[in-house]
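This is what each chain is made of:
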Amino acid sequence: MSLSRRQVTAAALAAVPLTLAAAPAPKAGRTLYIAGDSTAAQKYADAAPETGWGMALPFFLHKDLTVANHAVNGRSSKSFVDEGRLAAILSVIRPGDLLLIQFAHNDEKATDPARYTEPWTTYQDHLRLYVDGARARGARPVLATSVERRRFDAAGNALPTHGDYPAAMRALAREEGVALLDVQALSLALWQRLGVEETKTYFNWTATEQDNTHFNPPGAIAVARLVAAELLRARVLAPRDVRRLDDDIPTSWITWPDATA
């Protein structure tokens, strides 16, 4: 079952209630920074066709809103901080900019102390570092629950895979008054509508790999569309800040640069 781009966008806008925050006034030259993991990260020629949704997000944003994609493969909310990657963003972020924060895939790895966080304690503690750091610099933090993996039961039901992490992020967003993009709920609903077979065309399934976590170009574009629609729904962005939400985006727009030395 193929979904139209309009159906995907409508689902994103209708899935959760509108927040009450007013849309910000436009500011020329704003930057949207992404702090996240491999599902969002920039991919290079040696990884093609694997595609992070952050690579496709600029297709849906006005040209005056620059995307600075700092997401990196394998990072958790903890390791991203410990490696100085949050500090690097905070050293350049400016008043009026946005910091979009998506972590959980690697926070879940309980056997890895360098990355593991517990949902209701250390995960929330680390997310507060991003929220407080952005606010201290006059930027706006935005929390995004992690995009879902491709996992179905024998009856064809799409299954959630992130345990308590989405609920912990939702609770933190309410507590701290931070805009929330519920990408986990929206992507799970999208995979359910697409079904077992068609979702394979959204994930990085190749002749040699069956990857149910990372995306190919159609999947990255679909998730980026959900993110952009959520930014609009949550009134983080105004209608003038987004574009092409109902348009077909050619997969040829995705490119993989050579990795830098």
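Computed from a prediction, not measured in an experiment: that's the story for all the values here.

(A) Molecular detail of helix H7 (residues 183-198). The end-to-end C-alpha distance of H7 is 19 Å, clearly below the 22 Å that 16 residues give at a rise of 1.5 Å each. Along H7, the largest kink reaches about 55 degrees and is centred on Gln192.

(B) Spotlight on the pairing of strand S3 (residues 98-101). Residues of S3 alternate between two faces, with Leu98 and Leu100 on one and Leu99 and Ile101 on the opposite face, all of them buried. Pairing analysis gives four bridges linking strand S1 (residues 31-35) to S3, with the strands arranged parallel. Paired with Tyr33 across the strands is Leu99, a residue of S3. Pairing of S3 with strand S4 (residues 140-144), which is carried by four bridges, proceeds in the parallel orientation.

(C) A look at the sheet that holds strand S5 (residues 179-181). The five strands are arranged S2-S1-S3-S4-S5 in an open sheet whose pairing can be described as parallel. Only two strands of the sheet have a single partner each, and these edge strands are strand S2 (66-69) and S5. Sheet twist, expressed as the mean angle between neighbouring strand axes with direction ignored, is 25 degrees. On the sheet, helix H8 (residues 217-233) packs against S1, S3, S4 and S5 and is oriented at approximately 150 degrees with respect to S5.

(D) Fine view of the packing of aromatic side chains. Summed over all chains, the structure comprises nine aromatic pairs. Taken together, a centroid distance of 5.5 Å and an interplanar angle of 50 degrees make the contact between Phe103 and Tyr130 tilted. Of this pair, Phe103 sits in the loop between S3 and helix H5 (119-136) while Tyr130 sits in helix H5, placing them 27 residues apart in sequence. Of the two residues examined, Phe103 and Tyr130, each falls in the buried class. Measuring from ring centre to ring centre gives 5.1 Å for Phe203 and Phe215, while their planes differ by 45 degrees; the resulting arrangement is tilted. Of the two residues, Phe203 is situated in strand S6 (residues 203-205) and Phe215 in strand S7 (residues 210-215); the sequence distance between them amounts to twelve residues. Here the aromatic cluster, defined as three or more aromatic residues joined through ring pairs, consists of Trp191, Tyr202, Phe203 and Phe215.

(E) Representation of the environment of Gly156. Tracing the backbone through its elements, the reader meets Gly156 in the loop between S4 and helix H6 (165-176). Non-local contacts of Gly156, meaning those with residues more than four positions away in its chain, are made with Gln192 and Val196.

(F) Local environment of the confidence of the model for the protein chain. Of the residues in the protein chain, 89% reach a pLDDT of 70 or more, and the chain-wide mean stands at 91. Per-residue pLDDT stays below 50 along residues 1-27; that stretch engages in 58 contacts with residues further than four places along the chain or on separate chains.

(G) Broad picture of the packing of H7 against H8. Where H7 meets H8, the axes come as close as 10 Å, and the angle between the chain directions of the two elements is 135 degrees. In terms of orientation, H7 and H8 fall into the oblique class. For H7 against H8, the interelement crossing comes out right-handed. Contacts between H7 and H8 involve Val183, Leu186, Ser187, Leu190 and Trp191 from the first element and Ala222, Val223, Leu226, Val227 and Glu230 from the second. In terms of residue class, the contact of H7 with H8 is made up of eight nonpolar, one polar and one charged.

(H) Structural view of the nonpolar core. Ranked by size, the top nonpolar core spans 48 residues in total, and within it Trp53, Leu57, Leu61, Leu181, Trp191 and Val227 carry the most contacts. Of all the secondary-structure elements, those providing two or more residues to this core are S1, helix H2 (53-56), S3, S4, S5, H7 and H8. Here this core takes nine residues from H8, the largest share from any one element. Here Trp191 is in contact with Val147, Glu148, Arg149, Phe152, Ala158, Thr199, Tyr202, Phe203, Phe215 and Val223, once residues within four sequence places are set aside. Counting residues in each nonpolar core, the second largest holds 26 residues, with Ala68, Ile93, Phe103 and Tyr165 among its members.

Basis of the calculations
Residues numbered from 1 in each chain as written. Predicted model: local features only at pLDDT ≥ 70, side-chain atom pairs only at ≥ 80, totals over all residues. Heavy atoms only, no water. Helix = DSSP H or I, 4+ residues; strand = E, 2+ residues; numbered from the N terminus. Expected span 1.5 Å × (residues − 1). Bend = angle between axes of the 7 residues up to and from the residue. Buried < 20%, exposed > 50% of the residue type's maximum accessible area, 1.4 Å probe, protein only. Pairing = 2+ DSSP bridges. Axes fitted to C-alpha atoms, helices over the stretch in contact; angles between N-to-C directions. Contact = heavy atoms within 4.5 Å. Phe/Tyr/Trp six-rings, centres within 6.5 Å; stacked < 30°, edge-to-face > 60°. pLDDT = per-residue confidence, 0-100. Parallel < 35°, antiparallel > 145°, perpendicular 65-115°, else oblique. Left-handed = near helix turned anticlockwise from the far one by under 90°. Nonpolar A, V, L, I, M, F, W, Y, C, P; charged D, E, K, R; others polar. Core = buried A, V, L, I, M, F, W, Y, C linked by side-chain atoms within 4.5 Å.

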